[in-house]
Amino acid sequence: MNILRIISYFSFVGLLFTLGCNQPSEGEKLAQTYCSSCHIFPEPSLLDKNTWKNNIMPVMAKQLGLQIVNGEVYPDIQKGVDNQYQSISAISPEDWEKIVAFYQKNAPEKLPNQGREPISAITDLFSVKPVSITQSSFPSLTYIKIDTANQQIYAASDALLSIFDKKNTAILSQKLTETIVDIDFGISLQKSGSRTGYLTNIGILNPNDLTKGTLNSFNLSEKNNFKNTGLVIENLPRPVQSISVDLDKDGLIDQLICGYGNKNGALIWYKNLGKNNYKQFIIRSLPGAIKAYIDDVNKDGLPDIWVLFAQAQEGIFLFTNKGKSAEGALQFETKEILRFSPVNGSSFFELVDLNNDGLKDILYTSGDNADYSTHLLKNYHGVYGFLNVGKNNSSSPQFQQAFFYPINGCFKALARDFDKDGDVDIATIAYFPDFKNQPKEGFVYLENKGKFAFKASSIKEVNAGNWLVMDAADLDADGDEDIVLGNFDRNKRGRINESKKDTAVLVLVNKLK
């Protein structure tokens, strides 16, 4: 009996000790409160100690209204109403130091490695053809597209729109005043002939909150005569994508704009009022909208919107169209589908059936490293597959992660059956690869060997540029998927093969017959 009491006593003490150890520290509680005000709570394990201390914390302190002078933290004092000086800080210096101490205690000395073998194999599936744009001062492609019906390639670089035929011969070089990052061709790509649509002009490429972006209409004749047919919408917050769609089903084509912005931005619906007049409606007033798709998810006849936000509140969201309100504005029900860390570097996603079950899955890339931790290779960068496991209105999680393939700085991925064996392969580009140790990460072909077990390979010409944009389609009308890569390499980052005539585009012609 005494032995049982002793065992019970020590079991009780052990339970109290365990509960005590599981209690969050004061620093963690403060971090949960303040660091979650703009985005989801970033775990200390996401970055190393030095990066937290020297790169992230000073920026976050400033965001919370603190100033760091000679290593000491002070409240930011500014002149307010009635010329009275007051603190604008959201947190005291003492509480801030507790947050810093929490991250310093719990962050790793360095991040773990990728946990895979370096990519060394060279694929024999594609023959690679380099293309130069002689009128451009340096390769700075911000958009690339394959037109299957016309068997052409569209490339926007350095305020220049170029068109190449399937033999890579330039058939148009049109100087523009805009920086084109997206072209919406509408339905005009469905058959050969002339092209019409809309050009998305980002305004200023570098991060900013100026509203210098525009949407312009264009016409491209069958003889490749290009004409900018007019300004449609101006004063846009650094837009990166536009979609022409009749969102309110009134018979007029509206515009959906991904206004990425920087600290400010929005997902915007421009309702078509007729006679080239539009009325602005904000769907979500947060920055970072980078990629959108239109899809009638609940089959009610109204267009719904899928959007990836890649700034602060990173994640994929579904905006279900609920129709017009009494005031005439559209109502959207917002659902968080997937949520990511603010240092994830979300860069792209695709709605695509990954496992041939008839449901649209999500292919997602994480790898934008142009932030306060740009020096750091992150083991969680790469390409992810999330399978649709239920109905869209299900209360259970709709998407579950099926695979992750680590690639430093992964910027875009496209899922296609490149080898035509019945399953989905993946082509990826990385704008921030490990230039020193793994430059072949710049382009990776992931051949699906079954059940998302991938064989990775690259191309010999991967170091000819720094690949920012990519498209895949049947360029030469032979029944298989080809690939085009666009080089944005103003500073020749990581370049190995220098040449007098820089490669702007790589055309990867699929050799399957």
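Just so we're clear, the structure is a prediction, and the values are computed from it rather than from any experiment.

For the structure on display, the rule yields twelve salt bridges. Taking the shortest distance from any N to any O, the salt bridge between arginine 116 and glutamate 441 comes out at 2.6 Å. Linking arginine 116 in the loop between helix H4 (93-106) and strand E5 (126-131) with glutamate 441 in the loop between strand E27 (425-430) and strand E28 (443-448), this pair joins segments that are 325 residues apart in sequence. The residue lysine 322 makes a salt bridge to glutamate 333 at a minimum N-O spacing of 3.8 Å. One end of the pair, lysine 322, is in strand E20 (residues 315-324); the other, glutamate 333, is in strand E21 (residues 330-339), with eleven residues separating them in the sequence. Overall, glutamate 333 belongs to the partly exposed group, its relative accessible area being 44%.

A few words now on the environment of glycine 442. Structurally, the position occupied by glycine 442 is in the loop between E27 and E28. You can call glycine 442 buried: its relative accessible area is 4%. Separated by 227 residues in the primary sequence, glycine 442 and leucine 215 place their C-alpha atoms 31 Å from one another. With near-sequence residues (within four places) excluded, glycine 442 lies in contact with Thr428, Ile429, Ala430, Pro433, Val462 and Trp467.

Our focus in this paragraph is the sheet that holds strand E25 (residues 399-406). Strand order in the open sheet formed by four strands is E22-E23-E24-E25, with antiparallel pairing between adjacent strands. Taken across any chain shown, the strands that pair with only one partner, and hence form the sheet edges, are strand E22 (346-352) and E25. Each adjacent strand pair in this sheet contributes to an overall mean axis angle of 20°, direction not counted. Direction of pairing for strand E24 (residues 382-388) relative to E25: antiparallel, over a ladder of seven bridges. Bridge pairing links glycine 385 to phenylalanine 403 in E25.

Turning next to the pairing of E20. When you tally the buried positions in E20, you get eight out of ten residues, the bulk of the element. Both strand E19 (residues 304-309) and E20 contribute to a ladder of five bridges, which runs antiparallel. If you follow tryptophan 306 over to E20, its bridge partner there is leucine 318. Counted along the chain from E19 to the antiparallel partner E20, the turn is five residues long, and its residue alanine 312 has a positive phi close to 60°. Where E20 meets E21, eight bridges bridge the pair, whose relative direction is antiparallel. When the bridges of E21 are listed, phenylalanine 317 appears paired with glutamate 336. Taking the residues between adjacent antiparallel strands as the criterion, E20 and E21 are bridged by five residues, where glycine 328 takes a positive phi near 100°.

Let's shift gears to empty space enclosed by the protein. Taken as a whole and assessed by the stated rule, the structure comprises two cavities of 30 Å³ or more. Volume-wise, the second largest cavity comes out at about 40 Å³. Around the second largest cavity, the lining residues are Tyr154, Leu161, Ile163, Ile183, Phe185, Leu199, Phe218, Leu220 and Phe226. Listing elements by their share of the lining of the second largest cavity, those giving two or more residues are strand E8 (160-165) and strand E12 (213-220).

Another point: the side chain of asparagine 208. For asparagine 208, the position within the fold is in the loop between strand E11 (195-201) and E12. Asparagine 208 gets classed as buried once you look at its relative accessible area, which sits at 12%. From its side chain, asparagine 208 meets the backbone oxygen of isoleucine 204 in a polar contact 3.2 Å long. Here asparagine 206 takes part through its backbone oxygen, which lies 2.6 Å from a polar atom of the side chain of asparagine 208. Here asparagine 208 is in contact with Arg238, Gly261 and Asn262, once residues within four sequence places are set aside.

Of the residues in the protein chain, 91% reach a pLDDT of 70 or more, and the chain-wide mean stands at 89. Note on residues 393-397: pLDDT is under 50 here. Beyond four places in sequence and across chains, it has two contacts. Ignoring residues within four places in sequence, the model shows residues 494-500, a span with pLDDT below 50, making ten contacts including any to other chains.

Moving on, we come to the nonpolar core. In terms of nonpolar packing, the biggest core is built from 60 residues, with Trp96, Trp306, Ile316, Ile362, Phe443, Ile483 and Leu485 touching the most fellow members. Looking at which element gives the most residues to this core, the answer is H4, with five residues. Residues contacting isoleucine 316, with those up to four places away along its chain left out, are Trp306, Val307, Leu308, Lys335, Glu336, Ile337, Leu338, Phe340, Phe349, Ile362 and Tyr364. In this structure, Leu247, Ile305, Val307 and Ala329 belong to the second largest nonpolar core, which totals 24 residues.

Let us look at the packing of aromatic side chains. Here the distance between the centres and the angle between the planes together describe a pair of aromatic rings. For the structure shown, the criterion picks out 28 aromatic pairs. Aromatic side chains phenylalanine 185 and phenylalanine 218 sit 5.8 Å apart centroid to centroid with 90° between the ring planes, which places their arrangement in the edge-to-face category. One end of the pair, phenylalanine 185, is in the loop between strand E10 (180-184) and E11; the other, phenylalanine 218, is in strand E12, and 33 residues separate them in sequence. Residues phenylalanine 185 and phenylalanine 218 agree in their burial class; the two are buried. Members of the aromatic cluster, each reached through a chain of ring pairs, are Phe340, Tyr364, Tyr384, Phe386 and Phe404. Its guanidinium or amino end placed over the ring of phenylalanine 309, arginine 284 lies 4.5 Å from that ring's centre, counting from NZ or CZ. The ring centre of phenylalanine 317 lies 4.2 Å from the NZ or CZ of arginine 284, which sits over that ring.

Each value, and the rule that gives it
Residues numbered from 1 in each chain as written. Predicted model: local features only at pLDDT ≥ 70, side-chain atom pairs only at ≥ 80, totals over all residues. Heavy atoms only, no water. Salt bridge = Lys/Arg side-chain N within 4 Å of Asp/Glu carboxyl O. Helix = DSSP H or I, 4+ residues; strand = E, 2+ residues; numbered from the N terminus. Buried < 20%, exposed > 50% of the residue type's maximum accessible area, 1.4 Å probe, protein only. Contact = heavy atoms within 4.5 Å. Pairing = 2+ DSSP bridges. Axes fitted to C-alpha atoms, helices over the stretch in contact; angles between N-to-C directions. 1 Å grid on protein atoms, 1.4 Å probe; cavity = no way out; pocket = protein on both sides within 12 Å on 5 of 7 lines; lining within 4 Å. Points joined across faces, edges and corners; volume = space filled by probe spheres on them. Polar contact = N/O pair within 3.5 Å; in protein donor to acceptor, adjacent residues only side chain to side chain. pLDDT = per-residue confidence, 0-100. Core = buried A, V, L, I, M, F, W, Y, C linked by side-chain atoms within 4.5 Å. Phe/Tyr/Trp six-rings, centres within 6.5 Å; stacked < 30°, edge-to-face > 60°. Lys NZ or Arg CZ within 6 Å of the ring centre and 35° of its normal.

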